[in-house]
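# What the coordinates show
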Amino acid sequence: MRGAMQMSGTMRNIMPEQPAEIRKTNFEEIAKGYTEEMAVAEAQRCLNCPNPMCMTGCPVKNRIPQFIHAITERDFKEAFRILKVRNSLPAICGRVCPQEKQCEAKCVLGLKGEPVAIGNLERFVADYAREHGFDSSPAVVHNLTGKRVAVVGSGPSGLTIAGELAKYGHTVTIFEALHKAGGVLAYGIPEFRLPKEIVENEINALKEMGVTIITNAIIGRTFTVDELLGEEGFDAVYLAIGASVPYFMNIPGEGLNGVYSANEFLTRVNLMHAYKFPKTATPIYIGKNVAVVGGGNVAFDAACTAKRLGAEHVYIVYRRGKEEMPARKEEIRYAEEEGIEFKFLNNPVRVLGSQDGKVVGLECIQMELGEPDASGRRRPIEKKGSEFTIPVDTVIMAIGQGVNPLIKQTTPKLAVNEQGTIIVDENCKTNVEGVFAGGDVVTGPTTVISAVGAGRRAAYFINEYLKTRRRRNQFHLPVGISARHCHVTPKVLEQLYGQRFRLSVKKYIKQPQQFASNQRVKFVSDSGVEMNLSIVGPCRAYTQIEISATDARTLGIPAIVRESGNTKGSPGGKLVGPAGEVKLDEGAIVVARHIHISEETANKYQLKQGDRVKIRVEGPRSATLDNVLVRAGLEDFDEVHLDTDESNALFVKSDDIVTIIIDDD
């Protein structure tokens with residue numbers, strides 16, 4: 001295993017790694033991390049500069065000298081605390097960020113030797129915290145504000161801002177288009193570079209802070225941005241969708257069987273576990289000879305993944321030279337050690353195919369470098385007549401990606417530039433009121449730490465925006481209101497006690513929310529009917545709905561009968577009618593002085609439309625109603641309502657929820 005420890009000095013302590021011949025056959029992490037002794041020895045190389053230039057190279061201005069000094073003192077908990085002040089994802093950034101182009105590039109030691117291995121130390125501290133259980137210490141959360149923010153996308157920028165906003169006390173919901181949260185961290189970076197366990201750990205920490213994550217939610221399809229701000233009741237929206245739409249070269253043959261975008265290829269392998277096929281349901285075809293077009297980190301991820309999937313020859317085809325490659329030097333070294341073959345100064349012009357539509361080769365043309373272009377790199381120029389063919393059966397295009405246009409298409413007012421990235425001001429705010437954006441969707445593809453920085457910056461400005469926001473704020477809870485009382489659960493009790501709210505009906509079911517006992521609220525139906533309600537609680541949503549026999553202005557929102565006789569809080573329901581005293585089936589709906597039951601239950605107990613019965617709901621709070629009208633023949637959760645001559649009736653269906661709207665003023 002590579003990685004004998006060096007003594008402190010100009011040479012850095014080399015991190016242990018799997019040998020190339022072993023690692024290219026598995027998906028285990030390549031680098032194994034520092035031991036405590038290695039970390040301390042590396043930290044002791046730091047000169048503790050009075051003017052630490054390393055911080056100027058960090059997009060989030062990590063307090064690098066301070067956390068490194070804590071390592072020299074073996075105070076790893078303090079080192080972790082210092083890191084978390086500015087970087088919410090140190091275990092991830094320590095692995096995938098290009099420190100050699102950022103913080104380490106500014107290290108004074110690098111002038112005459114090798115810079116301090118800042119990234120390796122960051123990774124060590126984060127891993128140590130996770131392994132010793134102090135990474136999950138609850139973050140300090142300010143008093144809950146009642147404000148709600150929708151974060152679209154669960155990549156590094158989205159995860160970062162969710163945590164920061166939760167600390168401010170806002171209620172945050174992340175909407176992720178795929179079936180698993182993590183964004184590019186989950187689908188784009190291979191397991192051997194970033195173990196998914198680490199990403200899961202960060203996501204679980206957010207959930208512990210109260211952040212809700214909804215997967216399979218495509219904003220622009222499941223909801224539009226306008227709907228999030230409108231009927232869904234969010235006070236602000238942060239767009240962190242990244243840049244995940246792959247670019248192609250638009251050359252002949254790109255539609256052949258065996259041509260992938262790197263995004264599709266890596267998503268199939270990383271997120272959908274295609275490398276385990278047929279044990280998993282996602283197949284992937286890898287031939288014996290694979291060409292990967294591109295020179296960035298994504299290209300190297302794809303190439304090394306193809307090697308691990310059994311390809312005999314894997315080529316990196318790049319139109320410039322090695323020195324111009326944007327990939328990390330470490331990734332280039334890994335690929336060289338694993339036998340990846342480089343085709344520098346070559347550019348594809350055509351994908352060749354067989355009669356049955358499969359890839360058989362990649363035709364390229366040789367290039368030479370001219371004057372520097374806008375990127376500062378020398379411009380590649382074709383050598384006429386230098387075409388040649390590489391025999392391959394798989395081609396993976398890794399030449400970059402852009403922003404998905406769906407949100408722009410469904411939010412016409414949203415301003416974007418010619419590249420499709422979202423235009424924001426210095427406060428991360430778009431031209432649409434309440435909508436902010438950051439990360440790759442604004443800058444184009446960049447680093448994880450830059451996306452983290454964008455999330456932190458946007459969190460500050462969204463919090464400032466919410467401080468002055470005067471519109472009504474909404475909270476969602478399951479249907480469960482009748483008469484003049486409302487039962488809800490304890491969490492919202494803590495959030496909303498002492499504030500004034502209104503209630504209205506919405507169509508999207510969210511997690512149960514909670515209120516305070518004896519809180520007075522005003523119910524406002526969609527038709528404008530208003531009622532004052534008192535909260536009877538705290539108790540779990542659906543546990544018990546108290547029905548008032550004397551209140552004629554009962555609202556038509558169902559109490560749900562759970563298991564009969566349950567002593568743990570769920571009310572049992574009994575009905576006394578023509579067939580005698582019978583148990584109400586679980587799922588029966590009780591609405592004040594009316595009862596809706598299914599046709600099956602009506603037939604079973606010989607009940608018919610218009611019968612008058614006695615209802616007794618038993619539980620922690622019991623209620624008995626005489627002379628209750630039976631509404632039979634409705635299937636369980638069909639429409640629930642009061643008599644048509646009841647002017648204050650509210651019409652609600654089973655998939656409705658009730659929204660609490662706080663009046664800020």
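Heads up: these notes are all about the structure in this document.

Criteria and cut-off values
- Residues numbered from 1 in each chain as written.
- Predicted model: local features only at pLDDT ≥ 70, side-chain atom pairs only at ≥ 80, totals over all residues.
- Heavy atoms only, no water.
- Helix = DSSP H or I, 4+ residues; strand = E, 2+ residues; numbered from the N terminus.
- Buried < 20%, exposed > 50% of the residue type's maximum accessible area, 1.4 Å probe, protein only.
- Contact = heavy atoms within 4.5 Å.
- Pairing = 2+ DSSP bridges.
- Axes fitted to C-alpha atoms, helices over the stretch in contact; angles between N-to-C directions.
- Parallel < 35°, antiparallel > 145°, perpendicular 65-115°, else oblique.
- Left-handed = near helix turned anticlockwise from the far one by under 90°.
- Nonpolar A, V, L, I, M, F, W, Y, C, P; charged D, E, K, R; others polar.
- Polar contact = N/O pair within 3.5 Å; in protein donor to acceptor, adjacent residues only side chain to side chain.
- Salt bridge = Lys/Arg side-chain N within 4 Å of Asp/Glu carboxyl O.
- Core = buried A, V, L, I, M, F, W, Y, C linked by side-chain atoms within 4.5 Å.
- Patch = residues over 30% accessible without salt bridge, like charges linked within 9 Å, V, L, I, M, F, W, Y side chains within 5 Å.
- Areas by Shrake-Rupley, 256 points an atom, 1.4 Å probe, with all protein chains shown as cover.

### Focus on the overall build of the chain
For the chain, the count of helices and strands is 18 helices and 30 strands. A buried classification covers 55% of the 665 residues belonging to the chain. Put simply, of all contacts in the chain between residues at least 6 apart along the chain, 68% involve residues at least 24 apart.

### Focus: the sheet that holds strand 9 (residues 341-344)
Strand order across the open sheet formed by five strands is 6-14-7-8-9, with parallel pairing between neighbours. Every other strand in the sheet has two partners, leaving strand 6 (259-261) and strand 9 as the edge strands with one partner each. The mean inter-strand angle of the sheet, taken between neighbouring strand axes irrespective of direction, is 20 degrees. Direction of pairing for strand 7 (residues 289-293) relative to strand 14 (residues 394-397): parallel, over a ladder of four bridges. Bridging across to strand 14, Val-293 finds its partner in Met-397. Strands in contact with helix 11 (residues 262-271) are strand 6 and strand 14; relative to strand 6, the strand with the most contacts, it is inclined by about 85 degrees.

### Brief notes about the packing of helix 2 (residues 36-43) against helix 3 (residues 64-72)
It is at 8 Å that the axes of helix 2 and helix 3 come closest, and there the two elements cross at 130 degrees. Relative to helix 3, helix 2 is oriented oblique. As helix 2 packs across helix 3, the resulting crossing turns out to be left-handed. Counting all contacts with helix 2, which are made through Ala-39, Val-40 and Ala-43, the residues of helix 3 involved are Ile-68, Ile-71 and Thr-72. Its residues assigned to classes, the contact of helix 2 with helix 3 shows five nonpolar, one polar and no charged.

### Considerations on the side chain of Thr-160
Residue placement: Thr-160 occurs in helix 7 (residues 156-168). You can call Thr-160 buried: its relative accessible area is 1%. Within polar-contact distance, the side chain of Thr-160 engages the backbone oxygen of Pro-156 at 2.7 Å. Aside from chain neighbours lying at most four places away, what touches Thr-160 is Ser-88, Leu-89, Val-452, Gly-455 and Arg-456.

### A look at the pairing of strand 12 (residues 378-382)
Pairing between strand 11 (residues 359-372) and strand 12: four bridges, direction antiparallel. Opposite Glu-368, over in strand 12, you have Ile-381 as the bridge partner. Following strand 11, the chain reverses through five residues before pairing antiparallel with strand 12; Gly-376 in that reversal takes a positive phi of roughly 90 degrees.

### Let's talk about the sheet that holds strand 1 (residues 148-152)
In space, the five strands of this open sheet follow the order 3-2-1-4-16, with parallel pairing throughout. Across the chains shown, the open sheet's two edge strands, defined by having one partner strand only, are strand 3 (212-214) and strand 16 (435-437). Averaged over all neighbouring strand pairs, the angle between strand axes comes to 20 degrees, with direction disregarded. Alignment of strand 1 against strand 2 (residues 171-175), held across five bridges, turns out to be parallel. Along strand 2, the bridge assignment pairs Ala-150 with Thr-173. Sitting on the sheet, helix 7 is in contact with strand 1, strand 2 and strand 4 (236-239), with an inclination near 165 degrees to strand 2. Docked against the sheet, helix 16 (residues 448-467) engages strand 1, strand 4 and strand 16, running at close to 165 degrees with respect to strand 4.

### Describing the pattern of salt bridges
All told, the structure shown has 31 salt bridges when counted by the stated rule. Among the salt bridges present, the one from Glu-36 reaches Arg-74, with a minimum N-O distance of 3.7 Å. Note that Glu-36 is positioned in helix 2 and Arg-74 in the loop between helix 3 and helix 4 (76-86), a separation of 38 residues in sequence. Exposure remark for Glu-36: the relative accessible area of 34% places this residue in the partly exposed category.

### Describing the nonpolar core
One finds Phe-67, Ile-71 and Val-292 to be the most contacted residues of the largest nonpolar core, which totals 104 residues. The dominant element in this core, judged by the number of residues it contributes, is helix 16, at 10 residues. Apart from the residues within four sequence positions on either side, Ile-71 is in contact with Ala-39, Val-40, Ala-43, Phe-76, Ala-79, Leu-121 and Val-125. Residues Val-152, Phe-223, Leu-229 and Phe-234 belong to the second largest nonpolar core, which totals 22 residues.

### Structural notes on the environment of Val-441
Among the structural elements, Val-441 can be located in helix 15 (residues 440-443). Owing to a relative accessible area of 0%, Val-441 belongs among the buried residues under this scheme. As a C-alpha pair, Val-441 and Ala-243 span 198 residues in sequence and 5.6 Å in three-dimensional space. Setting aside chain neighbours within four positions, we find Val-441 in contact with Leu-239, Ile-241, Gly-242, Val-403, Thr-421 and Ile-422.

### A word on a nonpolar patch on the surface
On the surface, Leu-47, Met-53, Val-108 and Leu-111 cluster together into a nonpolar patch covering about 380 Å² of accessible area. Looking at the secondary structure, you find Met-53 in the loop between helix 2 and helix 3. You can call Met-53 partly exposed: its relative accessible area is 33%.

All we've got here are geometric facts, nothing functional implied.
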